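Spelled out, the chains give:
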Amino acid sequence: GAMARASIFTSDRWRASAGLWVTQGPSDEIPEDSHGGAEPAGPEPDAPHLGYGASFEDNNSNKEVGGMLRVMAPGGVTVQASGFTAKYDAASDFGVYALNLSLQFEPGSHESPLFTLRSEGVLLGEQYLDPASGNKARAYSGGYYAQVSRRVGSFEPVARWSQLPQSVSGQGILVEERRQLALGLDYWLSPSVPLKAAYQVELDGSDSISLQWAMGF
């Protein structure tokens, strides 16, 4: 794949940048070793479960083309919109497209914000062949989260709510509904290396505890 990024304008209070990328598109088959590739029980949905990160014999097919626009405004506000369109079947014209919108709000000084609010939502549209009518149909899925945190020295308490609404295609479930409340505590070993611990309350499943060590570049 290839990516290009450019700064649109920069001032003391405003910044804006944009990006464009071209990479391999999705596949209509999820690899067996992929994480999160388990299909819901029950009737099969008409729309296929798509997988990403696949390699195709024809490097000129199944391309994904996407773009991004980011604006940093006064008051600690950052807004970013991105999206892509792609074909997932080289033998047909069935495609998939997505739109992502994210927001970050950090009031107070840049060195010591009062808190950090992050929110992100995504909408995914997928074309497929309706076996009942033989015509092209569309299925939609998506999700969102909202997270608030406050840094106190090296510690950062975090609370997050996330939801994936159920998506139905034909008589089958394409995406199972999932609602989660997560309460966690991050410990920053360095400015770019946090150790994260969280208790995740699953309203549509079993609760869990997660430990994660992350590294930023």
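See the structure above.
Draft legend 1. Local environment of the sheet that holds strand 1 (residues 2-10). A sheet is described by the order of its strands in space; here eleven strands give the open sequence 1-2-3-4-5-6-7-8-11-12-13, paired in antiparallel fashion. In this open sheet, the two edge strands, each paired with only one partner strand, are strand 1 and strand 13 (208-213). Averaged over neighbouring strand pairs, the angle between their axes works out to 15° when direction is ignored. Note: strand 5 (residues 95-105) against strand 6 (residues 116-129), ten bridges, orientation antiparallel. Its bridge partner being in strand 6, Asn100 is matched across the sheet by Val122.

Draft legend 2. Broad picture of the pattern of salt bridges. Within this structure, the stated rule accounts for three salt bridges. Asp93 is paired through a salt bridge with Lys136; the nearest N and O atoms lie 3.2 Å apart. Of the two residues, Asp93 is situated in the loop between strand 4 (77-87) and strand 5 and Lys136 in strand 7 (residues 136-149); the sequence distance between them amounts to 43 residues. Look at Lys136 and you get partly exposed, because its relative accessible area is 40%. One salt bridge in this structure joins Glu202 and Arg178, with 2.8 Å as the shortest N-O distance. Of this pair, Glu202 sits in strand 12 (residues 193-202) while Arg178 is found in strand 11 (residues 178-190), placing the two residues 24 residues apart along the sequence.

Draft legend 3. Just the pairing of strand 2 (residues 15-24), in detail. For strand 1 and strand 2, the ladder comprises eight bridges, and the chain directions are antiparallel. Its bridge partner being in strand 2, Thr10 is matched across the sheet by Arg15. Here strand 1 folds back onto strand 2, and the loop between the two strands holds four residues. As defined by bridge partners, strand 2 adjoins strand 3 (residues 63-73) across ten bridges and the pair is classed as antiparallel. Of the residues in strand 3, the one forming a bridge with Gly19 is Met68.

What counts as what
Residues numbered from 1 in each chain as written. Predicted model: local features only at pLDDT ≥ 70, side-chain atom pairs only at ≥ 80, totals over all residues. Heavy atoms only, no water. Pairing = 2+ DSSP bridges. Helix = DSSP H or I, 4+ residues; strand = E, 2+ residues; numbered from the N terminus. Axes fitted to C-alpha atoms, helices over the stretch in contact; angles between N-to-C directions. Salt bridge = Lys/Arg side-chain N within 4 Å of Asp/Glu carboxyl O. Buried < 20%, exposed > 50% of the residue type's maximum accessible area, 1.4 Å probe, protein only.

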